[in-house]
Each structure stands twice: as C-alpha cells, then as structure tokens.
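Structural characterization, general
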Amino acid sequence: MEETDREAVATAVQRVAGMLQRPDQLDKVEQYRRREARKKASVEARLKAAIQSQLDGVRTGLSQLHNALNDVKDIQQSLIDVNKDWRQSINTIENLKDVKDAVVQHSQLAAAVENLKNIFSVPEIVRETQDLIERGELLQAHRKLMDLECSRDNLMYEQYRMDSKNTHDMNLIHTYFGDMQKLSEELAKQLWMVVQRSLVTVRRDPTLLVSVVRIIEREEKIDRRMLDRKKQTGFIPPGRPKKWKEKMFNILERTVSTRIEGTQADTRESDKMWLVRHLEIIRKYVLDDLLVAKTLLDQCFPPHYDIFNKLLNMYHQALSTRMQELAAEDLEANEIVSLLTWVLNTYKSAEMMGNSELSPEVDVNSLNPLISQNVVDQLLSKYMSTLTSNIIGWLRKALETDKKDWIKETEPEADQDGYYQTTLPAIVFQMFEQNLQVAAQINEDLKTKVLLLCLQQMNSFLTRYKDEAQLYKEEHLKNRRYPQCYVQYMIAVINNCQTFKESIISLKRKYLEMEDTLSSSHTSMDATLDVIAKEGCSSLLDEVFMDLEPHLNELMTKKWLMGSNAVGTICVTVEDYFNDFAKIKKPYKKTMTVEAHRRVVVEYIRAIMLKRISFKNAEERKEGAEKMIKEAEQFRFLFKKLAAGSGEDTEGLCDIIEAIAEVIKLTDPSLLYLEVSTLVSKYPDIRDDHIAALLTVRGDASREMKQTIIETLDQGPSQPNPNYVPIFKEITVPTLTVPKLLK
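Residues numbered from 1 in each chain as written. Predicted model: local features only at pLDDT ≥ 70, side-chain atom pairs only at ≥ 80, totals over all residues. Heavy atoms only, no water.

**Looking at the overall build of the protein**
Where we set the bar: Where helices and strands are cited, they refer to DSSP runs of H or I of at least four residues and of E of at least two residues respectively, numbered from the N terminus. In what follows, residue pairs with any heavy atoms lying within 4.5 Å of each other are defined as contacts. For the area figures, the Shrake-Rupley method with a 1.4 Å probe applies, and any residue is considered shielded solely by the protein chains shown.
Along the protein, the regular secondary structure elements total 28 helices and zero strands. When contacts within the protein are restricted to residue pairs at least 6 apart in sequence, those whose partners lie at least 24 apart make up 75%. About 42300 Å² of surface is accessible on the protein, with carbon and sulfur atoms providing 53% of the total.

So, in structure tokens, the structure goes:
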C-alpha cells in the first residue's frame, strides 16, 4: 500500500512539475487546483457507481443460488416419491396385461370392421379391376388395386402385431386376396407393353404413357412407405417392394437392345452391302429415337427420372455391344472399313450423335468409344493383311488382262493427245485411289499406311511388269509376224511408264503430307520404269535395225560404191518407223530419237571398219569419201527432222562420218599422219585397230606406214571434247582369219 502511495505521489509531483515550468504559470495555481479537484471528484463518483453495481450483482447471484438450492431439494424429494410410487405399481402393471391384450384385439377388430366392406366386396372389385385393365383404363384399375392391397396389408399387419408367428391366419388372408396378385401381374404386363412401345406411344397417345408413369410413381411411394414400416415393425406385405421403376428401366434397356439387333435385315450371302445397310438403319433409328426422347418423351417423365440421359446411355451401351459383336465376326476388308468408319467417324458426326438438335444434352466428347482401341487395332491389322492380299491379286489380274490386249490384232487406244496407251495405269491407280479414299474416311494414319502399302506393292508389280515386257519381246522375236500390233503395244508399254510416273507423283501429292517419307521408294520405282521404257525403246529399235540389216550390209561394198541407194532406203525405213514412234510420249521419244541416231551412225562406222572395200586409187577414194559426206548429210537431215522441237544436237554424231571421210579423201599420203592425228584428238576412244582398218580401207597405206602412224599416235597427247560421248568403243574390228591369210 505504501509503495502504491509513493508511486502516486511521484506521479503527482511529475504532473505538477509539468504544469509549473514557467514563472507566469504560478498565477494559475488556483485554477489548476480547482480543475484537478473536479477530475478527482468525477473519478471518485464513477468508482463508487462501479462498486455499487458490483455489489448489487453479487447480491442478486447469491439470491438465485439460494433459490436453486431449494429447487434441487424439492426435486430430490419428488424423485424419492416417484421411485416409491413406481415400486408400489409394479404389481399393478402385471395385473393390467389382460387389459393390454384386449386393447390390441380391439385395434385389430376395429381394422377388420373398417375393411369389412372391402373384404366382402373383393371378388366384385377384382372383376371391375379386370374389366378396367382390359379397357385400357389403367389409372382407375390401379386405384382399385391399391384399395385391395391396402385392405390386405392392413389386415396382415394387424395379424402380425397380434401374433407374428401365426402363419396359418397370414396364409388365409393371403389366399383370400390371391386374385389380387394376378391383377397386379396383369396390370404390370399392360404397363410394360406401353413402356416397350413408349417411343411410338408418346407420339400417338402421350396421355397413356403419362398414366403409366403415374402408376409407377404411386408404386414407388408405396414401396418406400412399406420399407420404412419394415424398419420400425419388421413387417412387410408379400410382393413388396415391387420395384416397378427399376423394372421399367430394365425393360427399356432390353427394348433398346432388341431394336438395335433387329435392324439387320440382310446377310452377306443375300446382299454384299449388308453391313452398310445395317449400320445406316441403326444410325437412322437411333437418331430418330433420341430426337423423340428429347422433344416428347422427356416431358412425360418426372425430372428426377432423367429419362433422356438414361436412354442415351442405354443406346450407347447397346451400340457398343452390337459393334463388338460385329467386330468379332469374320469381316471382309470393305466391311472392316465400313464398321470402323461408322464407329470412329459417323457415330459422333452431325449425322448422328453430333446432330445440332441433340445438343447441348449430348456432348460427343464425353461419349466413351464404342469399341476399345485394342479391338480397333486388331481390325486395322486384319484390314491391312486382307488389303495386301487383295492388292496383290488385283495387280496380278490387271497385268494378266493387259497382257491379253498385247496380242490383239487391233491397235491400242490413244489418249487425248494421240499417244498409244493401255488401260493398265488407269485400272491400277483407280484401285489405289479407291482404297485410299476409303482409308481416309477412317483416319490419317491408316491413309498413310495404305499409301505406303500401295507404293510398296507397286514397286513389286513394276518388276513383274518389266519381266512380262521382256517375255513379250522374246516371244515376238520367235515369230516377227506375231503379234500383229507388236510395235504399237510396245509403244503403249513405254507410254504407260510415263503415266505410272505421273500417277505416282499425283498420288503422293494428294495423300501424303511429307513427300520425303517415300523418296527412296519413289526413286526405286522411277528407276524401274526407266529400265522398262529403255528396254522397250531398245526392242523397238532392234525391230527397226532387223529390217535395216540387208541395207546396212550393202554399205562400204562395191555395190555401194557403184551407186547403191542403201542409205536412202535406211532413211525412208527409219522415218516410216518413226511415224509410229510419234505415238511415244515426249520424254521417251527424245530418248528413242537420240538412240536411233547413235545406232545408225555406229552401224555406218562399223560397216567402214569391217573393211568390205579397199579403194584402189585416189579417184575411188574421192568418190567414196564424197558419198560418205553426202550420206552423213542425209542422216543429219533425217534426224534433225525427227528431233524437231526436242532440243537434240544432231550435228556431232554425223561429224564423225565426215571426219572419217576426210581421212579417206586425203590425196597426199605425207599428210596422212596429220589427218589421222586430228581424228584421234577429236575422238580419243579410237583404238589402234580402228586406225588400221581405216587405213586398210584407203588402200594406199603400206604395213610400215600403218605401223609408224599408230606408234607415233600412241606417243602423242589427246585433247578430247568434254561433250563427246564415246562411240568407237562399241565397234569391234574383225581380225584376219587363217583362210584370209592364205588367200
């Protein structure tokens, strides 16, 4: 307490010191004193009021505690009295057991009296209810049925309360109301018939469907009430719960499954398009049914039934089951495509579940797949395997058909530009196109796989095509009169190579996003096609040169020197053949012209190197050389005419003949080395035997001169033309035989 006083005095001193810091504030001491006195009085008044309030609260609390204590004592006394009375009344309760039994019996008799009218009228009510069911007045029939069931259930309940073990009386009541159970079953049959035809009924007589739903709802309420009473009493009437709502959904589910399965009207034996027809009928039926369910059926059921979504799930499940059944069958390739296209694309498209009239209730993205990815992969694998076999068979058949055309006595047809062709490329790529279009309907991955398969089989097919073209040539060589149109059909084969090339490029551009994927395969096919075309061109030129052979044999002979027109005949024959070769497409026609030009020149030079003639004097050499130059000009003119527009250089090859003619024409033997060396520098593939043969044809060079020229040329450098294509390496100079030496 003293410490508190000291703290108070110290605080007061500090406060006074704060007030009296300047001399002029001493005049206000009295004013400060009065102000502090007022504050002190105010604080003391508030303190007194607070203490008084606390005292009043304590006084009131003590009073209430005193009253509570008195109440507890009174309650304690009352409990003692109640306990005493209870102990005294135990015997009294046991004496009232008879009264209790009488009350229960009275309650049962009261229930019996209450249902007495219904009990006696059961047969009549049963007949009336039966009539109502037969007339289709289902609501009224159900009302009467409910009354009968209520009477039976109340009687059985009272019997259960009185003696739950008395099965005899229970069976007696159940037997008496036995016809009622038959009525319930008959009514249920009528309800399920309406439910089965609900999608039809809702259009014709929606009121009937609403009545059925109301009856089912009534039964659901009774089921719930009976189950609640069972929890309380342990009693439930026979036949409860009926679960008609659950049965209704089960029947709807079976109806949906039956409707899906029943859409198959045909089999593969009766109609090749059975699956397409079956799937289209399913699509139409399901879409129509769901539209009816959304617009009409949904209005006939309470919202908590969620009837549209339940039907949607039923249809989805039924479709899934049906699609799996179809997938398990031994389907053909086209049937697999039809099934997968329908499952993967059509089902969720605007033609079916994605229909705008079904949204937003139907979200196609939330629908589970109709068949698992594993089944899809199995079907795709089977499809690719079957397709591979089919393509191989189709290509073989197409080639066999084309080969039959090759031996016809009529020319092949021409395209719009007049080029000979057969139907083979069109048939092959039409088949590829059809399969790719079908694969594209399923997905991009399958389309790419089918394209790879087509090109892979195309590669193998082209090898067989090449072999067949070679056999065609060999058969013709056995008898050149057969086939009659050999040249024309060989031209068609050559043109087909170009068509195949163009079709392959077109196919890849259309169906392959990244063309580099198949660059190696494409290169291989191009190479094979070029080989076929090259061999075809070669066989046609062989045909030409077989006809030219007698005339080529006249070259560089006495007859030729005396004025033979062999070269004129050669030119006419070549030009005549090239009238047919005009039907060859440009890339190969150019190749054909170049090769024909080269072979003519080669054969002409070979005729020189065969040493059929040896000029006797300068006059003969001059005459022969001028004839060679003239004939070289004939060749140049011919092939310039044949190569018009192709950009071919027709000068170089004929220049070789003219260069050889200059060597033969030379009159001064001393300049022979210089002329020959010029020839060798231009055409470095000339061998020693070629020079020897050329000098032999001149007829004025001795053996020593030949040897000297050849040895000197071997030591000299050559400066070949970089654009020169070797030609002499193809020409073999015949060696002297023993008989010739003896001569």
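**Details of the pattern of salt bridges**
Convention followed: Here, a salt bridge means any Lys or Arg side-chain nitrogen found within 4 Å of an Asp or Glu carboxyl oxygen. Only protein chains enter the accessibility calculation, which uses a 1.4 Å probe. A residue is then buried if its area is under 20% of the maximum for its type, exposed if over 50%, and partly exposed in between.
Counted according to the given criterion, the structure contains 36 salt bridges. Notably, a salt bridge pairs K627 with E631, separated by 3.7 Å at the nearest N-O pair. Here K627 and its partner E631 are both found in helix α23 (residues 618–642), four residues apart, which amounts to about one turn of the helix. Accessibility assignment for this pair places K627 and E631 in one class, buried. The residue E633 makes a salt bridge to R636 at a minimum N-O spacing of 2.7 Å. With E633 and R636 both in helix α23 and three residues apart, this pair spans about one turn of that helix. When its relative accessible area of 42% is taken as the criterion, E633 is described as partly exposed.

**Observations regarding empty space enclosed by the protein**
Heads up, the condition is: Method remark: on a 1 Å grid restricted to protein atoms, a set of points is classed as a cavity if a 1.4 Å probe fits but cannot get out and as a pocket if it is open with protein on both sides within 12 Å along at least five of seven lines; lining residues have an atom within 4 Å of a point. Grid points are joined across faces, edges and corners, and a volume is the space filled by probe spheres set on the points. Residue polarity is assigned by list, with Asp, Glu, Lys and Arg as charged and Ala, Val, Leu, Ile, Met, Phe, Trp, Tyr, Cys and Pro as nonpolar; anything else, Gly included, falls into the polar class.
Across all of its chains, the model carries two cavities of 30 Å³ or more by this definition. By volume, the largest cavity amounts to about 50 Å³. Around the largest cavity, the lining residues are K466, A469, Q470, K473, M490, I532, E535, G536 and S539. At the level of elements, α17 (444–478) and α19 (519–552) are the ones that each hand at least two residues to the lining of the largest cavity. Residue composition of the lining of the largest cavity, grouped by class: three nonpolar, three polar and three charged.

**So, the side chain of K585**
Under the convention used in this document: None of His or the chain ends enter the tally, which takes Lys and Arg as positive and Asp and Glu as negative.
In this structure, K585 sits in the loop between α21 (566–581) and α22 (586–609). No salt bridge is formed by the buried K585. Its closest oppositely charged neighbour is D415, at 4.3 Å.

**Section: unusual backbone geometry**
P360 follows S359 through a cis peptide bond whose omega is 5°. Tracing the backbone shows P360 in the loop between α14 (333–346) and α15 (373–406). For the bond running from Y482 to P483, omega is -5°, close enough to zero to count as cis. By secondary structure assignment, the location of P483 is in the loop between α17 and α18 (486–511). A positive phi angle, close to 50°, is found at D306, a residue other than glycine. Here D306 is to be found in the loop between α12 (274–295) and α13 (307–328). In this structure, K611 is a non-glycine residue whose phi angle is positive, near 55°. For K611, a relative accessible area of 28% translates into the label partly exposed.

**Remarks on helix α16 (residues 424–442)**
Here is the rule we go by: By this rule, a helix spans an expected 1.5 Å times one less than how many residues it contains.
If you check α16, its first and last C-alpha atoms are 28 Å apart, about what 19 residues at 1.5 Å a residue would give, namely 27 Å. Taken together, the buried residues of α16 touch α14, α15, α17 and α18.

**Quick word on the packing of α22 against helix α24 (residues 652–665)**
The condition that has to hold: To obtain each axis, a line is fitted to C-alpha atoms, and for helices this fit is confined to the stretch in contact; angles are then taken between N-to-C directions over 0 to 180 degrees. Working definition: roughly parallel below 35 degrees, roughly antiparallel above 145 degrees, roughly perpendicular at 65 to 115 degrees, and oblique for all remaining angles. In this scheme the handedness of a crossing depends on how the near helix is turned from the far one: anticlockwise by less than a right angle means left-handed, clockwise means right-handed.
α24 packs onto α22 with a crossing angle of 15° between their chain directions and a minimal axis gap of 9 Å. One way to sum up the angle between α22 and α24 is to call them roughly parallel. Relative to α24, the crossing made by α22 is left-handed. Two secondary-structure elements touch here, α22 through H597, R598, V601, Y604, I605 and I608 and α24 through L653, C654, I656, I657 and I660. Residues belonging to the contact of α22 with α24 are distributed by class as follows: nine nonpolar, one polar and one charged.

**Regarding the packing of aromatic side chains**
The test is simple: Ring geometry is summarised as follows: Phe, Tyr and Trp rings, the Trp one being its six-membered ring, pair when their centres sit within 6.5 Å, and such pairs are stacked at plane angles under 30 degrees, edge-to-face over 60 and tilted between the two. Any Lys NZ or Arg CZ that is within 6 Å of a ring centre and within 35 degrees of that ring's normal is treated as a charge sitting over the ring.
Per the stated rule, a full pass over the model turns up 16 aromatic pairs. On the basis of an interplanar angle of 55° and a centroid distance of 6.2 Å, the ring pair of W406 and Y465 is categorised as tilted. Of this pair, W406 sits in helix α15 while Y465 sits in helix α17; the two residues are 59 residues apart in sequence, bridging distant segments of the chain. Overall, W406 belongs to the buried group, its relative accessible area being 2%. According to the relative accessible area criterion, Y465 is buried, its value standing at 0%. Members of the aromatic cluster, each reached through a chain of ring pairs, are W406, F429, F432, F461, Y465, Y472, Y486 and F500. The side chain of R259 reaches across the aromatic face of Y285, ending 4.4 Å from its centre. A cation over a ring is seen here: K583 above Y420, with NZ or CZ 5.5 Å from the ring centre.

**Focus: the packing of α18 against α21**
The N-to-C vectors of α18 and α21 enclose an angle of 50°; their axes lie 10 Å apart at closest approach. Comparing their axes, α21 and α18 come out oblique. Contacts from V487, Q488 and I491 in α18 reach Y577, D580 and F581 in α21. Among the residues making up the contact of α18 with α21, the classes are represented as four nonpolar, one polar and one charged.

**Section: the state of the cysteines**
The following threshold applies: Two cysteine sulfurs form what is called a disulfide whenever their separation falls within 2.5 Å.
Taken as a whole and assessed by the stated rule, the structure comprises zero disulfides. The closest cysteine sulfur to the non-disulfide-bonded C537 is located on C497, 8.7 Å from its own sulfur. By relative accessible area, C537 is classed as buried at 6%.

**Observations regarding the environment of R621**
Along the chain, R621 falls in helix α23. In the structure, R621 is positioned 46 residues away from T667 in sequence and 8.5 Å away in space, judged by C-alpha atoms. Once residues lying within four places of it in the same chain are set aside, the contact partners of R621 are F615, K616, I664, K665, L666, R698, G699 and D700.

**Describing a nonpolar patch on the surface**
Filter applied, for reference: The patches reported here contain residues having more than 30% relative accessible area and no salt bridge. Joining distances are 9 Å for like charges and 5 Å for nonpolar side chains (Val, Leu, Ile, Met, Phe, Trp, Tyr).
Taken together, the side chains of V16, L20, L26 and V29 define a hydrophobic patch exposed on the protein surface, amounting to about 310 Å² of accessible area. For L26, a relative accessible area of 54% puts it in the exposed group.

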